Amino acid sequence: MLRFANPTWFMNFSARLLPWLVGLTALLFAIGLYMSFFTAPPDYQQGETVRIMFIHVPSAWLAMMCYGLIAVSSIGLLVWRHPLADVSAKAAAPIGAVFTFTALVTGSLWGKPMWGTYWVWDARLTSVLILFFLYLGLIALRNAIDDEVQAGKLSAILALVGTVILPIIKFSVNWWNTLHQPASVMRMGGSTLHSSILYPLLVMAVAFTVLFFALHMKAMRNEILRRRVAALRITQVDEAMTPQAAE
Amino acid sequence: MMDLGPHAAFIWMSYGVVIGGLAALVLWLIHDGRKQQAVLDDFEARGITRRSAQSGGTE
């Protein structure tokens, strides 16, 4: 297990895997977009705007999954103190923020023609907005503290406290009366979507998920490189100080 | 261009935001990776290397 969590092993492994992930992402998006625009019929109620669902729902799923990954990584840092767990948590935050942002904007653009408004302060929309602010908070906290170890620990604690938002987002449409529709794919009793709509959605969801892992892997590689650069700067300063100390 | 009905602008804008947002993220990651690698290469060119790299260790 420790072999897989070794930064050098991860750099070698990810260098080999990343091109395959990129290729798979491109293939899945080509199929998913074709299905979204050419095989999926207009919805009997929503008409053509149902096509927004093929990007809105995967964005929202990834926004939540990414936060879940940050929470698991944070546990890895706080319990096992493994540096790669911290790298994972730090690398995931900007990606999660982008997916949450796109979920909010596409939802808003879907809401205007369907609900007659871009925004309403209902439980689902508001809780996803809070998730977006949580991501921004995690990024800001990292940038505000120079000590990488301290920043990692404090960010991990904030991330774990913030996990309370995940069940609130998921069940908000059941707990409160919201303008947002209830779950129609992942629900007890199975999906309520017709297969002609469900299959393009699932292909796009897999495409988004593979893209996420490719982005996360690349972001982790960048973060490992950044830490190596920081370590070398310290080495450089140490070497510059050594002759002076000898004198 | 395909006919997406009276709400076509909302559909295209949605896809535009997602493509734009993800493209910006990809470009930032590529730029950041190249920047870090360039600094590392510069250190190595000056003979400053990681201790683990010198000893052939794993980190």
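Residues numbered from 1 in each chain as written. Chains lettered and ligands numbered in written order. Predicted model: local features only at pLDDT ≥ 70, side-chain atom pairs only at ≥ 80, totals over all residues. Heavy atoms only, no water.

Here we look at the overall build of chain A
Now for step 1: Along chain A, the regular secondary structure elements total seven helices and zero strands.
Now for step 2: Of the regular secondary structure in chain A, the N- to C-terminal order runs α-α-α-α-α-α-α.
Now for step 3: Counting only C-alpha atoms, chain A reaches 85 × 35 × 30 Å along its principal axes.
Now for step 4: Considering only contacts within chain A whose residues lie at least 6 apart along the sequence, 77% involve residues at least 24 apart. (Helix = DSSP H or I, 4+ residues; strand = E, 2+ residues; numbered from the N terminus. Contact = heavy atoms within 4.5 Å.)

Thoughts on the confidence of the model for chain B
The predicted coordinates ought not to be read in detail in places where the model reports low pLDDT.
Now for step 1: Taken over all residues, the pLDDT of chain B has a mean of 86, while the share at 70 or more is 83%.
Now for step 2: Complex prediction metrics read pTM 0.91 and ipTM 0.89. (pLDDT = per-residue confidence, 0-100.)

A closer look at the environment of Lys35 of chain B
All names here are of chain B.
Now for step 1: Tracing the chain through its elements places Lys35 in helix 1 (residues 8–45).
Now for step 2: You can call Lys35 partly exposed: its relative accessible area is 45%.
Now for step 3: As a C-alpha pair, Lys35 and Ala9 span 26 residues in sequence and 38 Å in three-dimensional space. (Buried < 20%, exposed > 50% of the residue type's maximum accessible area, 1.4 Å probe, protein only.)

A short note on the nonpolar core
Now for step 1: Core analysis: the biggest nonpolar cluster contains 73 residues, and Met53, Phe54, Tyr67, Ile70, Phe99 and Phe208 of chain A have the highest contact counts within it.
Now for step 2: Elements represented by at least two residues in this core include exactly helix 1 (7–39), helix 2 (53–80), helix 3 (83–115), helix 4 (123–144), helix 6 (165–175) and helix 7 (195–246) of chain A together with helix 1 of chain B.
Now for step 3: Top element by residues in this core is helix 7 of chain A. It accounts for 17 residues. (Core = buried A, V, L, I, M, F, W, Y, C linked by side-chain atoms within 4.5 Å.)

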